[in-house]
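For reference, the chains in residue letters:
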Amino acid sequence: MYDIIIVGGGTAGLSAAIYGVRAGRRVLILEAKNYGGQIINSPEVENYPGIRKISGMEFAKGLYEQATGLGAEFRQGQVLRVEVREKDRAVVVSGADGGEKEYKAKAVILATGARNRPLGVAREQELTGAGVSYCATCDGMFFRGRQVAVAGGGNTALEDAAFLAHYCERVYVVHRRDQFRGEERLVENLRQKENVEFVLNSVVEELLGEGMLEGVRIRDVATKEEKVLPVSGLFVAVGQMPDNDGFAGVVTLDDKGYIQAAEDCRTEAPGIFVAGDCRTKEVRQLATAAADGAVAALAACEYIG
């Protein structure tokens, strides 16, 4: 029996573990893969308060070592579901033998994060961190004075393009339709920028370059005409994909699959809390994930009493 079980070993989950064990609770972190979450793919992090520059892997390692050094337990396992029972909360994990294993706790924090939705083009994973990025605010500064492209048509893509326009020589916004899905005020803001070019009715067909991105081949969906944009950075902003289906019977998900909870990180299920990118929120950054972890852990401790 644990006091708190945390599902997910990313920034939110590890931060929650730190606050949980510092409050004197017995804490278990369950993670399907390895600790760190999405941030381990970032070669450099420059937007976390108090840390001027650090690699994503080093940042994650520091969190992990701090949490486990304080006494949090870390185990790998694919969580299948969470059950709310009269006296405890059960977290069911797939076992190595193909069966199921159960852990019990007084409270559970869901910190499963969300993965960026890929474009689905060849070599996308290979060039991630070598020109392909999913976070303009994380990696945009590395492309100062260079040409980049943003793929997407929603608010995130438009906001990313506006951010990048401050630093980059030229920003191409590639969208598969002739109109953006994002807010018109964001579109109009970009129209006023001389170094932003809209490439509409177009999709990214191919990533060019060996070892590092050197350009993208795009195709007009109407005319089938192809051309190459000579960019050294491609920022993919076509949405995120939370992985919360296994919890749908316990907590409420919104229409995009995120767990519904406000800034207090409390779900409507007693003893079930949520932290980080897997919950409904406007801003998904390292700093907000860490903040969620702290809030959720302290709320869980209060619930336990």
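Conventions used here
- The residue count restarts for each chain, going from 1 along the sequence in the order it is written.
- The predicted origin of the model limits local features to residues at a pLDDT of at least 70 and limits the giving and counting of side-chain atom pairs to 80 or more, whereas totals for whole chains, interfaces and linings rest on all residues.
- As a rule here, side-chain values come from all non-hydrogen atoms in the structure, and water together with hydrogens is ignored.
- Residues are called lining when one of their atoms sits within 4 Å of a cavity or pocket point, these points coming from a 1 Å grid over the protein atoms alone, where a cavity is a set in which a 1.4 Å probe fits but cannot get out and a pocket is an open set with protein on both sides within 12 Å along at least five of seven lines.
- Grid points are joined across faces, edges and corners, and a volume is the space filled by probe spheres set on the points.
- Numbered from the N terminus, helices here are DSSP runs of H or I no shorter than four residues, and strands are runs of E no shorter than two.
- Polarity classes work like this: nonpolar for Ala, Val, Leu, Ile, Met, Phe, Trp, Tyr, Cys and Pro, charged for Asp, Glu, Lys and Arg, and polar for all others, with Gly in that last group.
- Note on terminology: disulfide denotes any pair of cysteine sulfur atoms within 2.5 Å.
- Using a 1.4 Å probe on the protein chains alone, a residue whose accessible area is under 20% of its type maximum counts as buried, one over 50% counts as exposed, and one in between counts as partly exposed.
- Geometry is summarised by axes, namely lines fitted to C-alpha atoms with helices restricted to the contacting stretch, and by angles between N-to-C directions that run from 0 to 180 degrees.
- For classification purposes, angles smaller than 35 degrees are called roughly parallel, those larger than 145 roughly antiparallel, those between 65 and 115 roughly perpendicular, and all remaining angles oblique.
- In this scheme the crossing of two helices becomes right-handed for a clockwise turn of the near helix relative to the far one and left-handed for an anticlockwise turn of less than a right angle.
- The contact criterion used throughout is that any non-hydrogen atoms of two residues lie within 4.5 Å.
- Between any two strands, pairing holds if DSSP finds at least two bridges.
- Only residues whose relative accessible area exceeds 30% and that take part in no salt bridge are eligible for patches, with like-charged residues grouped when within 9 Å of each other and nonpolar side chains (Val, Leu, Ile, Met, Phe, Trp, Tyr) grouped when within 5 Å.
- Here the accessible surface of atoms and residues is derived via Shrake-Rupley with a 1.4 Å probe, and residues count as covered only by protein chains that are part of the display.
- Between Lys or Arg on one side and Asp or Glu on the other, a salt bridge is scored when a side-chain nitrogen of the former is within 4 Å of a carboxyl oxygen of the latter.
- A positive count includes Lys and Arg, and a negative count includes Asp and Glu. His and the chain ends are not counted in either.
- For charged residues, the charge sits on one atom: NZ in Lys, CZ in Arg, CG in Asp, CD in Glu.

Structural notes on the layout of surface pockets
- In this structure, the second largest pocket occupies an estimated 270 Å³ of space.
- If you trace the second largest pocket, you find 15 residues lining it, with Leu 119, Gly 152, Arg 176, Val 203 and Val 238 closest to the centre.
- The element that contributes the greatest number of residues to the lining of the second largest pocket is strand S12 (residues 202–208), accounting for three residues.
- Class assignment of the residues belonging to the lining of the second largest pocket gives a composition of eight nonpolar, four polar and three charged.

Some remarks on the state of the cysteines
- Applying the stated criterion across every chain yields a total of one disulfide.
- At a sulfur-sulfur separation of 2.3 Å, the disulfide partner of Cys 135 is Cys 138. Because the sign of the S-S torsion sets the handedness, a value of about 65° for the bond joining Cys 135 and Cys 138 places this disulfide among the right-handed ones.
- Here Cys 135 falls in the buried class, since its relative accessible area comes to 18%.
- Using a relative accessible area of 16% as the deciding quantity, one classes Cys 138 as buried.
- Between Cys 265, a free cysteine, and Cys 278, which holds the nearest cysteine sulfur, the sulfur-to-sulfur gap is 9.2 Å.

Brief notes about the packing of helix H4 (residues 155–165) against helix H5 (residues 184–191)
- At a minimum axis separation of 10 Å, H4 and H5 run at an interaxial angle of 25°. When the interaxial angle is binned, H4 and H5 end up roughly parallel. At the point where H4 passes H5, the crossing takes the left-handed sense. Taking contact as the criterion, the partners of Asn 155, Leu 158, Glu 159, Ala 161 and Ala 162 in H4 are, on H5, Leu 186, Val 187, Asn 189 and Leu 190.
- In the contact of H4 with H5, the residues fall into six nonpolar, two polar and one charged.

Things to note about the packing of helix H1 (residues 11–22) against helix H6 (residues 286–304)
- Packing of H1 against H6 leaves a shortest axis separation of 7 Å and a crossing angle of 40°. With respect to their mutual orientation, H1 and H6 come out oblique. Both H1 and H6 take part in a crossing whose hand is right-handed. Within the contact between the two elements, H1 uses Thr 11, Ala 12, Ser 15, Ala 16, Tyr 19 and Gly 20 and H6 uses Leu 286, Ala 289, Ala 290, Gly 293, Ala 294, Ala 297 and Leu 298.
- Of the residues assigned to the contact of H1 with H6, the class counts are nine nonpolar, four polar and no charged.

Things to note about the pairing of strand S15 (residues 233–236)
- Residues Gly 233 and Phe 235 line one face of S15 and the alternating positions Leu 234 and Val 236 line the opposite face, and both faces are buried.
- Alignment of strand S9 (residues 147–151) against S15, held across four bridges, turns out to be parallel. Residue pairing for S15: Ala 151 is matched across the bridge by Val 236.

Digging into a positive patch on the surface
- On the surface, a cluster of positive charge is contributed by Arg 176, Arg 177, Arg 181 and Lys 256.
- Within the fold, Arg 176 resides in the loop between strand S10 (170–174) and H5.

Digging into the pattern of salt bridges
- With the rule as written, the count across this model stands at 20 salt bridges.
- Across the salt bridge formed by Glu 65 and Lys 61, the nearest N and O atoms sit 4.0 Å from each other. Remark: Lys 61 and Glu 65 occur in helix H2 (residues 56–70); sequence separation between them is four residues, near one turn of the helix.
- Overall, the relative accessible area of 45% leaves Glu 65 in the partly exposed class.
- Across the pair Glu 83 and Arg 85 runs a salt bridge whose closest N-O atoms are separated by 2.6 Å.
- Accessibility expressed as a relative area gives 24% for Glu 83, which makes it partly exposed.
- The class for Arg 85 is partly exposed, based on a relative accessible area of 31%.
- In this structure, a network of salt bridges that share partners links the residues Arg 81, Glu 83, Arg 85, Glu 100 and Glu 102.

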